[in-house]
Amino acid sequence: MLTAAAPPPPHDTDPKSSARPGAPLVVEALAREGVDYVFGYPGGAIMPVYDALPGSRLKHVLVRHEQAAALAADAYGRVSGEPGVCLATSGPGATNLITGIANAFMDSVPMVAITGQVGTSLMGTDAFQEIDVFGVTLPIVKHSFIARSADEIPQIFAEAFALAKGGRPGPVLIDLPKDVTQASGPFPPSGPVPAPAGYAPPDAASMRAAEAMLRAARRPVLYFGGGIAIARAEAALRDFHDRTRIPAVATLKGLGGLPTEREDFLGMLGMHGTRAANTAVMESDLLICVGARFDDRATGKLDTFAPGAQVIHIDGDASEISKLRRANVALPGDIAAILTALDPGRLDIAAWRARCTQNAADWAFRYDAPGAGVYAPALLNELSRQAGDRFIATCDVGQHQMWVAQHCRFSRPQAHLTSAGLGAMGYGIPAGIGALFAEPDATVVTVTGDGSIMMNIQELATLRRYGLPLKIVLLDNAQLGMVRQWQELFYEQNFSEVDLYDNPDFAEVARAFGIEAFTVDRRDDVPGAIDRLLKTRGPILAHVRIDPAENVWPLVPPGKSNSDMMEAS
Amino acid sequence: MTCRIDIDFRPGEGAVLRLIGLVERRGFVVRAMNLPETRAGASARLTLDVAPRDAGRRVETVCAQLAKMYEVVAVNSAQPRALEAAS
Ligand SMILES: Cc1ncc(C[n+]2csc(CCOP(=O)(O)OP(=O)(O)O)c2C)c(N)n1
Ligand SMILES: [Mg+2]
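Because the structure is a prediction, the values reported are computed rather than measured.

(A) Looking closely at the overall build of chain A. A tally of regular secondary structure across chain A gives 22 helices and 20 strands. Relative to the 2.2 N^0.38 estimate, which gives 25 Å for 569 residues, the radius of gyration of chain A is 24 Å and therefore close to what a compact globule would have. Classification of the 569 residues of chain A by burial places 59% in the buried group. The long-range fraction of contacts in chain A, counting pairs at least 24 apart against all pairs at least 6 apart in sequence, stands at 74%.

As structure tokens, then:
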């Protein structure tokens, strides 16, 4: 939701305290924005800021790789709704942040990334640890600043925070040359922050047109995405769904917008969506797209997506409307306000609802796979149910990520933190760290793979350092499973560089970091493992060995229509 | 088919790079451009003649994407036909 940023309180102008280096201004500016946690890693060019940290109200979380700082800040931003803050030095510190900044950009997460930089006179001279991070990140930030003098710092920070969380959120970069954070002098107070333009109320004629289309529709589908979480619009979505009972499908980022078990909710659509969801979309005569963007993973082949449907597109970002699929009615603006005001009255959809519900029942996932080995979907389903409404899953990327999306129960959008747009292996554990700082009493479970965990395994040290009660479920198929699945299905079983037969003993690795760990091989041991995970107070890792040949079903082959779904043979 | 986009913007650090970069990244070729002298504090105007790289690119979309950038004050695009007639 877009709210005008409150003007910051005037900067302290007491002459005694106003002559000081720039770095304390950074710390003060962060405190003024209400920042509690900064995820970071020190180094040469950012040392003045680290010098100013002790004694401030900021709590710094020292990670073991800057990528983890950015990814933790991302998860913190998703859960709290406030910008997550990460901090790194110039050069390699800054480049290590980039995956995390890109992740926040792709998934519209509020973030402020702060980098040290070489002194202004050295910029552009290929100085030691000089990287033009401002230039490198231009395509993946909402905006960026270079502070050219210390007196700009308060204003830049105020604008950066307002921008990161206003409108469609995103990452904002602030590059701080070392001479600027070291400069001292009397600094002027920050001026007013340009408030982001508020949303205009929805166009009345478009609202009436949308309501008329809803009344005329016989096979409508509500297709919602990450815009619900961004706008914190789940209450409005649930209320609209209560009133209309339109069969609903979610994108990967939409999951949790409606609780998983809700009647008329058909699950996720798209490449690994449910048959019921994809079928409903294919057969629909009206799509009400809310906070979603017709992403290729959701639509499959775009020109055969919902071929008979008209489209009502509701989005907080007007530039998404008609970007990929022409909308018959465009409703840009405040998603929650639009959903609340949209009142089509009684709909004639009883037969359609019955058909969709029957499909969902007929094609429901089954958890009675044969064999004595661990069946990951069943484990995830049971774990999420037992964890209850405080459950937050953070995922890595691969088959295990899709199993989480398909089989876990989510009570709210913040219950599912996944690297959706970027699909970045390595997100899981840092995201678990960020989520636990944002919501310490949540039951945070990181579901990771044997490939993904190695991308940020050093963060086990961060869990240990802060005693974070993260529950890690490592689904070990000794494979880069998702790539193996594609090679099996689309590359004639030409398995190339996907076999991780030489993985370390992950339980031993975790113990070496000081983390409790155990290994699970048999289905019979799953109930005990879930119990142990949920009861343990500190960080814990369950190393779960699963069948390397297991695949994710259903699957829409890349470039195909959602109607061409493949199932397990 | 070339289309002309006029972008009024506040010329902060990196603004020109940001604008041209967005247009290119979003699937357009920049065929010509004009940027009269900018003055600190005053709004500047960048005029771009652009052509889509493929049929899927709509100038309305890239204009909407430009319009939401922080430095951008206003975006206007000339109808392609008007531009062809003029050239
Ligand atoms: C940083 C990064 N590198 C490569 C990929 C491509 N990729 C997608 S899934 C995958 C395999 C992941 O393996 P694992 O974590 O073991 O998960 P599994 O599929 O086996 O459950 C790879 C390599 C990626 N998404 N991210
Ligand atoms: Mg694996």
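(B) Examining the domain arrangement of chain A more closely. All names here are of chain A. Under the domain assignment used here, chain A contains domain 1 (15-181), domain 2 (204-362) and domain 3 (376-545). If you average the C-alpha positions of domain 2 and of domain 3, the two centres end up 30 Å apart. Between domain 2 and domain 3, the contact holds 19 residues from the first and 18 residues from the second. A combined buried area of about 1400 Å² lies between domain 2 and domain 3, and 60% of that area is made up of carbon and sulfur atoms. For domain 2, the biggest contributors to the area lost against domain 3 are Leu 252, Leu 255 and His 272; these three give 40% of the whole. If you look at where domain 2 meets domain 3, you find one salt bridge. One salt bridge in this structure joins Arg 409 and Glu 261, with 3.1 Å as the shortest N-O distance. There are five residue pairs in polar contact (both at pLDDT 80 or more) connecting domain 2 and domain 3. Going through the elements one at a time, helix H10 (227-230) and helix H11 (234-244) are the ones with two or more residues in the side of domain 2 that touches domain 3. Residue composition of the side of domain 2 that touches domain 3, grouped by class: eight nonpolar, four polar and seven charged.

(C) Structural detail: the nonpolar core. Residues and elements named next belong to chain A. Counting 89 residues, the largest nonpolar core has Phe 224, Leu 287, Ile 312 and Ile 314 as its most contacted members. When residues are assigned to domains, this core turns out to be shared by domain 2 (204-362) and domain 3 (376-545), each giving three or more. Setting aside its immediate chain neighbours within four residues, Leu 287 contacts Val 221, Tyr 223, Val 281, Phe 294, Phe 305, Ala 306, Ala 309, Gln 310, Val 311 and Ile 312. Core analysis: the next-biggest nonpolar cluster, separate from the first, contains 53 residues, Ala 73, Ile 433, Ala 442 and Ala 507 among them.

(D) Molecular detail of the site of ligand 1. All names here are of chain A. Near ligand 1, the surroundings consist of 17 residues, among which Gln 399, Gly 423, Gly 451, Ser 452 and Gly 481 are the closest. At 2.8 Å, a backbone N or O of Gly 423 approaches a nitrogen atom of ligand 1. Within the side chain of Asp 450, one N or O atom sits 3.0 Å away from an oxygen atom of ligand 1. For the shell around ligand 1, the secondary-structure elements that each account for two or more residues are helix H17 (399-407) and helix H20 (481-490). It is H20 that contributes the most residues to the shell around ligand 1, three residues altogether. Tallied by class, the residues present in the shell around ligand 1 amount to six nonpolar, 10 polar and one charged.

(E) Structural context of the coordination of the magnesium ion (ligand 2). Residue and element names in this part refer to chain A. The coordination sphere of the magnesium ion (ligand 2) contains the protein donors Asp 450 (OD), Asn 477 (OD1) and Gln 479 (O), at a distance range of 2.1 to 2.2 Å. Sequence spacing of the donor residues for the magnesium ion (ligand 2), all on one chain, is D-x26-N-x1-Q. With Asp 450 in the loop between strand S17 (443-449) and helix H19 (460-466) and Asn 477 in the loop between strand S18 (471-476) and H20, this residue pair connects regions lying 27 residues apart in the sequence. Each of the two residues, Asp 450 as well as Asn 477, counts as buried.

How each quantity is defined
Residues numbered from 1 in each chain as written. Chains lettered and ligands numbered in written order. Predicted model: local features only at pLDDT ≥ 70, side-chain atom pairs only at ≥ 80, totals over all residues. Heavy atoms only, no water. Helix = DSSP H or I, 4+ residues; strand = E, 2+ residues; numbered from the N terminus. Rg over C-alpha atoms; globule rule 2.2 N^0.38 Å. Buried < 20%, exposed > 50% of the residue type's maximum accessible area, 1.4 Å probe, protein only. Contact = heavy atoms within 4.5 Å. Domains from an automatic or database assignment. Buried area = accessible area lost by both parts, 1.4 Å probe. Salt bridge = Lys/Arg side-chain N within 4 Å of Asp/Glu carboxyl O. Polar contact = N/O pair within 3.5 Å; in protein donor to acceptor, adjacent residues only side chain to side chain. Nonpolar A, V, L, I, M, F, W, Y, C, P; charged D, E, K, R; others polar. Core = buried A, V, L, I, M, F, W, Y, C linked by side-chain atoms within 4.5 Å. Near = heavy atom within 4 Å. Donors = N, O, S within 2.8 Å, 3.2 Å for Na, K, Ca; no water.

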